[in-house]
Amino acid sequence: MSRSHRPRALAVVARWLLGSVLVSWRYLWETTPLHRGGERPGDEADLPPRLPPGTADERLQLPDDGYGPLFHRRFRVRVAASGLDPVRLIDRVCRDFRHFVPLEVVDIRTGELGAAGVEVGDEFLVEVPGPWNGPVRVVHRDATSLHLATLRGHMEAGQVHFRARRDGGLLVFEIELWARAGSRLVDLLYSRLRLAKEIQLNMWVRFCLAVVATCDGRLVDGVHIATRRLDRDTWPTLSTAA
């Protein structure tokens, strides 16, 4: 390692060590109801959607490139008295994604963005220590949703979709993801030891709670989490490129 890279590497490791302790402490003392519902077997309805035309290339890390089972997960919060409507909320997510993640252990590097924030084709890095960095590409964006796909080197192989909508007088925000482990080590940590899976859950729960705070509203009935698992021998080849 060159001398110029040592301070940055040490800073990343220090953030992870200190941040992991803080995040774990907050998680243990989290009073928000988490409705997890257990892990259920999935079926073909849980396969990821096809990517929009023209967004896939050899740099994408699709589920076919992953290891182990495919996990389909949803995180949902309902917000009463929200100060933001669905359009303004997704606009805020696109303009300042970093605002919503737990910065104790995660950093977001987007590079130069336009006035509207991330757009289709933009790439950014979800940076965590060691081999867990998460490069992603925006494959779809509209007024009420943002759709990302993982790139080579990500700890996961899959997609994540953020969306907001109205349900009566409530604002509903959802994160839906389809992912396999990006390597055999991650498969061990995720689907067998469950360590990476709990870290992922904590990150997206924190994202949802940051949405509630940003909306300056009131969380209704906690965070709802659904997890469905498809083992490799139960589904066909996952070619999700258009």
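Residues numbered from 1 in each chain as written. Predicted model: local features only at pLDDT ≥ 70, side-chain atom pairs only at ≥ 80, totals over all residues. Heavy atoms only, no water.

Colleague: I tried to follow the pattern of salt bridges on my own but got confused; where do I start?
Modeller: One side chain can pair with another of opposite charge once the charged atoms of both are near each other. Per the stated rule, a full pass over the model turns up 16 salt bridges. Here Arg92 and Asp96 are joined by a salt bridge, their closest N and O atoms 3.9 Å apart. Accessibility expressed as a relative area gives 30% for Arg92, which makes it partly exposed. Because the salt bridges share partners, they merge into one network encompassing Arg74, Arg163, Arg165, Glu174 and Glu176. (Salt bridge = Lys/Arg side-chain N within 4 Å of Asp/Glu carboxyl O. Buried < 20%, exposed > 50% of the residue type's maximum accessible area, 1.4 Å probe, protein only.)

Colleague: I keep staring at unusual backbone geometry and nothing clicks. Help me out?
Modeller: Glycine aside, the phi torsion of most residues is negative, and most peptide linkages are trans. Despite not being glycine, Ala81 shows a phi value in the positive range, around 55 degrees. On the secondary structure map, Ala81 appears in the loop between strand E3 (67-80) and helix H2 (86-95). Classification of Ala81 as exposed rests on a relative accessible area of 63%. Positive phi, close to 55 degrees, is recorded for Asp216, a residue that is not glycine. Take Asp216: it is sitting in the loop between helix H4 (195-215) and strand E10 (218-230). (Helix = DSSP H or I, 4+ residues; strand = E, 2+ residues; numbered from the N terminus.)

Colleague: Would you mind showing me how to read the packing of aromatic side chains here?
Modeller: Enumeration over the complete set of coordinates arrives at eight aromatic pairs. When the centroid spacing of 5.2 Å and the interplanar angle of 25 degrees are considered together, the rings of Phe100 and Phe207 count as stacked. Placement of the pair is Phe100 in the loop between H2 and strand E4 (107-109) and Phe207 in helix H4, with a sequence separation of 107 residues. Judged on exposure class, the residue Phe100 and its partner Phe207 are both buried. A connected cluster of aromatic rings, assembled from ring pairs, spans Phe97, Phe100, Phe124, Phe162, Phe173, Trp204 and Phe207. (Phe/Tyr/Trp six-rings, centres within 6.5 Å; stacked < 30°, edge-to-face > 60°.)

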